[in-house]
Amino acid sequence: MTLLLEMREITKEFPGVKALDRVNLSVRKGEIHAICGENGAGKSTLMKVLSGVYPAGSYDGEIHYDGALAQFRTLRDSEDRGIVIIHQELALVPQLSIAENIFLGNERQTGGVIQWQETFRRTEELLAKVGLRDAPGTLVDSIGVGKQQLVEIAKALSKDVKLLILDEPTAALQENDSRKLLDLMLELKAQGVTCIIISHKLNEVRYVADTVTVIRDGMAVSRLDAAQGLEEDQIVRDMVGRDMSQRYPDRPRHAGETVLEVADWNVWHPEHAERQVIHDISFNVRAGEVVGIAGLMGSGRTELAMSIFGQSWGRGISGEVRLHGQPVDVSKVDRAIKSGLAYVTEDRKTLGLILDETIRFNTTLAHLDGVSARGVLNEAEETEVAERYRRALATRTPSVMQEVGNLSGGNQQKVVLAKWLFTSPEVLILDEPTRGIDVGAKYEIYSIINDLSAQGKAVVMISSEMPELLGMCDRIYVMNEGAFVGELSAAEASQERIMSLIVSE
Amino acid sequence: MTMHTAEGTGQAEPQGLRSYLRRHMREYGLLFALIAIMAFFQVVTGGTLLRPVNITNLFLQNSYIIIMALGMLIVIVSGNIDLSVGSVLGFIGAFAAVMVVEWDMPISVTIFASLVLGGLIGAAQGYWVAYWAIPSFIVTLAGMLVFRGASLLLLQGQSVGPFPAEFQLLSTGFVPDILPREATAGLAELFGVRNFNVLAMGLGVIVATVIVWLGLRERARDKAYGIEGEPINFFWVRNIIVLGALLFLSYKIATFRGLPNVLVTMGVLIIIYAFVTQKTVIGRRIYALGGNRKAAKLSGIKTERLTFLAFVNMGVLAALAGLVFAARLNTATPKAGFGMELDVIAAVFIGGASMSGGSGKIVGAVVGAFIMGVMNNGMSIMGIGIDYQQMIKGLVLLAAVIFDVYNRQKQG
């Protein structure tokens, strides 16, 4: 097969750091090419070089595309040649309809007047291609993330895409939505569209990719061909540069007395008062235990956690929370924290951290009383605390005075963990603790969780990645449509059993 | 985008003077801008700007802007805005005038009642912003109209005054010197001036010494934790400039009539607010609230109450400014404070606060207010018309913010 894209010896330097070091990437026409690598390895930089975000001349090396030397100066240049990138963070306007979004910046018009009929007709065609049955006039706001992703792809198709680049397309998707998306990629491939997919999820890479290029520390370290079989372990080894035979660290399992009990928990939707979101949930967690909550997105896992944590979500909340058998007041966030609860949010950037502030600022934020006397902060003590957690969690940063916005996902997550550890909680609720962070950092986060349970903390872990729950938890509650539909011990649990509990309801 | 340049290493942040300067361009830029503007007007006004009487005037003229800028900084850091402060200033001035002049109430009672009323006004606006999540722009825009109307109503469209002499002391009084006139006569002769106020000079020296001492202490602490702070030569250059300016100003003030009462009030407030915003739990929480309200709330911070308090505080400070302003004019007029909210907001933004909340410093806001003040004063001395003055001030505000954004982009 002929090559569609060949990037030769690409080197891109930023002041003080070489982001890409003589990277070669060749993509054949009509294939799905996966790029794997840890966060910060240089995948996104490589794609920015390709798409003209970093204009020709600002990097060394050559790009050959579609049989000619390409020198893109802007994103527009590359789009005109049929290269479309779909980013992790979707670039749709929520208040506009699907049709308006698809043709945004590329409107069907005559003399500045939008041709609505033409727009809607074309949109319907495109939606059919990506397997969406929603009306073109539906507001993007009102469809889920999975469908939004498909709208993005429809938008790309509207531009006669030749090379479609998907940057972690399934990071925010549920298992079945992810599958749909991957199947769509295979279908597009059958229609002759070439795809590059950037992903952390190796099972997905194995499912769709024809070729895999692994990037580590700004260098392309290996190129694997699906025809010769793709071994996940091989990819992981190349990504992290060491053997990762074990993806989940071992932990001695010994559960102590019951720490957290939640009884008859009911929650209604904050805006639609008649909609009950959480139905009669009761569960418990013992000291030293890691308890998982499995369920599809929208099953109410985050709503459950947030309603318990200071009633941060929902209204009409009823039920009881007991710690060590004693009912506790968790009606406000500060009371929940005082009672010994901590909640690591699912979305660290918008709910967990103050990105413009330093690691020190974020570390002490939930427990300022611990670094102050009579309302006056002791900055020396603050620094000491932040340093202590930086060392304990091995957060990689030049100093605790670094802004957290500059850190990678894994290190940001460590700062969030540090913030909650400093409140000395008895119960930690972790909502998607490893979302969007790379394999190496995941392992470290797992180790931290194990350390916490070894110290006798009760840990609740919410995750969309079932292997993670299976690898980490002592028990797993299965949640569906706002209720618990089953409880499995580590020995009983498997992906199949969890799924069958979800679908049998 | 998952690529971050600081990933895992320290090499992404090249150390050194130039990079340090680039990252802190804003703070140094502000200081140098003030100095440059002062130097410029000193030259073009033929030395009038820095004459003792004019320096004293500068403080008197800008005191109410600065007092309000302290509260406005907190409101803006918390992610809000208050457009009503000019009207509130006028309304409280009118209220005080009616109380003192028409009802013959004692001054102390009037001051107390005015400050309480200011707090209530702040509470009435803050309530809607904090607990009903109504945008502060709208609530305070309404407040601006309401209190402008209320002062017209209170004054029946007339000016009310004059105030008794003791009330005027709020603004135009001077703190008596600690030494009698005869004792300082020698000093005055030594410097070749008519009189020399030991208190003003002494206080200047003390404040300057404390600033350097605190700075050195902070550096020593940072060093103990291995925190890379300001390069030492920058520290000294900055401190010498600040010291020089302080000593120079205290000397000038000492050779005029000494410390104006309002300067003392203002100075004490600046110190208190700088301390509260930088060194206390409540200050920290306000920055967290403005930086990311949701994350702050999920960290156990009572975001609604903090927002409410920020507005109460603003109301009290606007009331205090209203008293000072009325005392200075010696009369309450229906037009008092008209458009002043914009000067206050401009001062805070020139001082480096961000529109989206979460950043900005008290010292910045004060310097910002002085930049505006010096320009007002200098241009008036030069006899530039109000038309050009407004245009120039507008452009300076725009330039300051563009400079800000430009710097941030270069860093990013």
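Since the model is a prediction, treat every value here as computed from it, not as a measurement.

Draft legend 1. Quick look at the overall build of chain A. What chain A contains, in helices and strands, is 17 helices and 24 strands. Expressed as lengths along the three principal axes of its C-alpha atoms, the size of chain A is roughly 70 × 50 × 50 Å. Put simply, chain A has 505 residues, and 55% of those count as buried. Once local pairs closer than 6 in sequence are excluded, the contacts in chain A between residues at least 24 apart make up 67%. Summed over its atoms, the accessible surface of chain A is roughly 20500 Å², and 45% of this surface lies on carbon and sulfur atoms. Of the charged side chains in chain A, 55 are positive and 74 negative; the average position of the first set lies 3 Å away from that of the second.

Draft legend 2. The overall build of chain B, seen in detail. If you tally the helices and strands in chain B, you get 17 helices and zero strands. In terms of overall dimensions, chain B is globule-like: its C-alpha atoms have a radius of gyration of 22 Å, near the 22 Å expected for 412 residues. Here the C-alpha coordinates of chain B stretch approximately 70 × 60 × 40 Å along the principal axes. Across the 412 residues of chain B, 49% fall into the buried class. A separation threshold of at least 6 residues defines the contact pool for chain B, and within that pool the share at least 24 residues apart is 78%. Entry remark: accessible area of chain B is about 19000 Å², with carbon and sulfur atoms responsible for 68%. When the 29 positive and 19 negative side-chain charges of chain B are each reduced to one mean point, those points stand 6 Å apart.

Draft legend 3. Here's a closer look at a nonpolar patch on the surface. All names here are of chain B. Residues Tyr127, Trp128, Tyr131, Trp132, Ile134, Phe137, Ile138 and Leu141 make up a contiguous nonpolar surface patch of about 800 Å² in total accessible area. Of the residues forming the nonpolar patch, the biggest block, four residues, is contributed by helix 5 (residues 107-132). By the secondary structure assignment, tyrosine 127 is in helix 5. A relative accessible area of 35% places tyrosine 127 in the partly exposed class.

Draft legend 4. How the structure looks around the UniProt feature "domain: ABC transporter" (unreviewed entry) in chain A. The positions that UniProt labels "domain: ABC transporter" (unreviewed entry) are, in the present scheme, residues 5-242 and 262-502 of chain A. As a span, residues 262-502 of chain A carries 35% helix and 27% strand, and end to end its C-alpha atoms are 21 Å apart.

Draft legend 5. Molecular detail of the sheet that holds strand 6 (residues 83-86) of chain A. Residue and element names in this part refer to chain A. The strand order 6-9-10-3-11-12 describes an open sheet built from six strands, whose pairing is mixed. Since the sheet does not close on itself, it has two edges, and those belong to strand 6 and strand 12 (219-225), each with one partner. Across the sheet, the mean angle separating the axes of adjacent strands is 20° when strand polarity is ignored. Where strand 9 (residues 163-167) meets strand 10 (residues 194-198), five bridges bridge the pair, whose relative direction is parallel. Bridge assignment links aspartate 167 to a residue of strand 10, and that residue is isoleucine 198. The sheet contacts of helix 5 (residues 145-158) involve strand 6 and strand 9, and relative to strand 6 the element is tilted by about 170°.

Draft legend 6. Representation of the domain arrangement of chain B within the structure. Residues and elements named next belong to chain B. Taken as a whole, chain B is organised into domain 1 (26-173 + 279-407) and domain 2 (175-259). The gap between the C-alpha centroids of domain 1 and domain 2 is 26 Å. Taken together, the two surfaces of domain 1 and domain 2 that pack against each other cover about 1100 Å², and 76% of this comes from carbon and sulfur. For the domain 1 face of the interface with domain 2, the top three residues by lost area are Tyr28, Pro52 and Ile55, together amounting to 38%. Linking domain 1 with domain 2 are one salt bridge, by the criterion used here. With a closest N to O distance of 3.4 Å, lysine 279 and glutamate 218 form a salt bridge. In this assembly, domain 1 and domain 2 are joined by two residue pairs in polar contact (both at pLDDT 80 or more). Of all the elements, helix 3 (residues 52-77) adds the most residues to the side of domain 1 that touches domain 2, at five residues. Residues that form the side of domain 1 that touches domain 2 fall into these classes: nine nonpolar, two polar and one charged.

Draft legend 7. Focus on the side chain of B:Ser354. Residue and element names in this part refer to chain B. Its location among the elements puts serine 354 in the loop between helix 15 (340-350) and helix 16 (362-382). Here serine 354 falls in the buried class, since its relative accessible area comes to 9%. A polar contact is formed between the side chain of serine 354 and the side chain of serine 356, at a distance of 2.9 Å.

Draft legend 8. Structural view of the pattern of salt bridges. Residue and element names in this part refer to chain A. Applying the stated criterion to the full structure yields 32 salt bridges over all chains. We note a salt bridge from arginine 390 to glutamate 387, for which the minimum N-O separation is 3.1 Å. Placement of the pair is arginine 390 and glutamate 387 together in helix 13 (residues 379-392), with a separation of three residues, close to one helical turn. Overall, arginine 390 belongs to the partly exposed group, its relative accessible area being 23%. With a shortest N-O distance of 3.3 Å, lysine 442 and glutamate 465 are connected by a salt bridge. Of this pair, lysine 442 sits in helix 15 (residues 439-454) while glutamate 465 sits in the loop between strand 22 (458-462) and helix 16 (466-472), and the two are 23 residues apart along the sequence.

Draft legend 9. Representation of the side chain of A:Ser199 in the model. Secondary-structure assignment places A:Ser199 in the loop between strand 10 and helix 7 (202-208). The buried category is assigned to A:Ser199, whose relative accessible area is 2%.

Draft legend 10. Spatial organisation of the packing of helix 4 (residues 85-102) of chain B against helix 6 (residues 136-155) of chain B. All names here are of chain B. Contact geometry for helix 4 and helix 6: axes closest at 8 Å, N-to-C directions at 20°. One finds that helix 4 runs roughly parallel with respect to helix 6. Handedness of the crossing formed by helix 4 with helix 6: left-handed. Residue-level inspection shows Gly86, Ser87, Val88, Gly90, Phe91, Ala94, Phe95 and Val98 of helix 4 in contact with helix 6, the latter providing Gly143, Met144, Phe147, Arg148, Ala150, Ser151, Leu154 and Leu155. Per-class residue counts for the contact of helix 4 with helix 6 are ten nonpolar, five polar and one charged.

Draft legend 11. Broad picture of the sheet that holds strand 21 (residues 427-431) of chain A. Residues and elements named next belong to chain A. Judged by pairing direction, the sheet is mixed, and its six strands sit side by side in the order 18-21-22-15-23-24 without closing on themselves. At either end of the open sheet lies a strand with only one pairing partner, and these are strand 18 (341-344) and strand 24 (483-489). For this sheet, the mean angle separating the axes of adjacent strands, direction not counted, is 20°. The sheet strands contacting helix 9 (residues 301-308) are strand 15 (290-294), strand 18, strand 21, strand 22, strand 23 (475-480) and strand 24, and the helix crosses strand 18 at an angle near 145°. Sheet strands touched by helix 15: strand 15, strand 21 and strand 22. Its angle to strand 22, the strand with the most contacts, is close to 150°.

Draft legend 12. A look at unusual backbone geometry. Despite not being glycine, A:Arg22 shows a phi value in the positive range, around 45°. Tracing the sequence through the fold places A:Arg22 in strand 2 (residues 17-28). At B:Asp104, a residue that is not glycine, the phi angle is positive and equals roughly 55°. Mapped onto the elements, B:Asp104 comes out in the loop between helix 4 and helix 5. On the basis of relative accessible area, B:Asp104 is assigned to the exposed category, the value being 64%.

Draft legend 13. Representation of the packing of helix 4 of chain B against helix 14 (residues 303-329) of chain B in the model. Residue and element names in this part refer to chain B. The contact between helix 4 and helix 14 brings their axes to 7 Å, and the two run at 55°. By the criterion of interaxial angle, the relationship of helix 4 to helix 14 is oblique. Two packed elements cross with a definite hand, and for helix 4 against helix 14 that hand is right-handed. Packed against helix 4, whose contacting residues are Val85, Val88, Leu89, Ile92, Gly93 and Ala96, the element helix 14 presents Met314, Ala318, Ala319, Ala321, Gly322, Leu323, Phe325 and Ala326 at the interface. For the contact of helix 4 with helix 14, the class distribution of residues is twelve nonpolar, two polar and no charged.

Draft legend 14. Main features of helix 13 of chain A. Compared with an ideal rise of 1.5 Å per residue, which puts 14 residues at 20 Å, helix 13 of chain A spans 20 Å between its outermost C-alpha atoms and is within 8% of the ideal. Among the residues of helix 13 of chain A, those classed as buried are A:Glu379, A:Ala380, A:Glu382, A:Thr383, A:Val385, A:Ala386, A:Glu387 and A:Tyr389. Buried positions along helix 13 of chain A lie against helix 12 (359-364), strand 20 (376-377) and helix 14 (409-421) of chain A together with helix 9 (198-224), helix 11 (261-279) and helix 12 (281-291) of chain B. Among the residues of helix 13 of chain A, the N-terminal cap falls to A:Asn378, whose side-chain oxygen and the backbone nitrogen of A:Ala380 are separated by 3.1 Å. Two residues or fewer past helix 13 of chain A, A:Ala394 is found with a positive phi of approximately 55°.

Draft legend 15. Expanded view of the state of the cysteines. Inspection of the entire model under this criterion finds zero disulfides over all chains. The thiol sulfur of A:Cys195 is not disulfide-bonded, and the nearest other cysteine sulfur, from A:Cys36, lies at 15 Å.

About the thresholds
Residues numbered from 1 in each chain as written. Chains lettered and ligands numbered in written order. Predicted model: local features only at pLDDT ≥ 70, side-chain atom pairs only at ≥ 80, totals over all residues. Heavy atoms only, no water. Helix = DSSP H or I, 4+ residues; strand = E, 2+ residues; numbered from the N terminus. Buried < 20%, exposed > 50% of the residue type's maximum accessible area, 1.4 Å probe, protein only. Contact = heavy atoms within 4.5 Å. Areas by Shrake-Rupley, 256 points an atom, 1.4 Å probe, with all protein chains shown as cover. Lys, Arg positive; Asp, Glu negative; His and termini not counted. Charge placed at Lys NZ, Arg CZ, Asp CG, Glu CD. Rg over C-alpha atoms; globule rule 2.2 N^0.38 Å. Patch = residues over 30% accessible without salt bridge, like charges linked within 9 Å, V, L, I, M, F, W, Y side chains within 5 Å. Salt bridge = Lys/Arg side-chain N within 4 Å of Asp/Glu carboxyl O. UniProt positions renumbered as here; feature names shortened; annotations may be inferred. Pairing = 2+ DSSP bridges. Axes fitted to C-alpha atoms, helices over the stretch in contact; angles between N-to-C directions. Domains from an automatic or database assignment. Buried area = accessible area lost by both parts, 1.4 Å probe. Polar contact = N/O pair within 3.5 Å; in protein donor to acceptor, adjacent residues only side chain to side chain. Nonpolar A, V, L, I, M, F, W, Y, C, P; charged D, E, K, R; others polar. Parallel < 35°, antiparallel > 145°, perpendicular 65-115°, else oblique. Left-handed = near helix turned anticlockwise from the far one by under 90°. Expected span 1.5 Å × (residues − 1). Disulfide = S-S within 2.5 Å.

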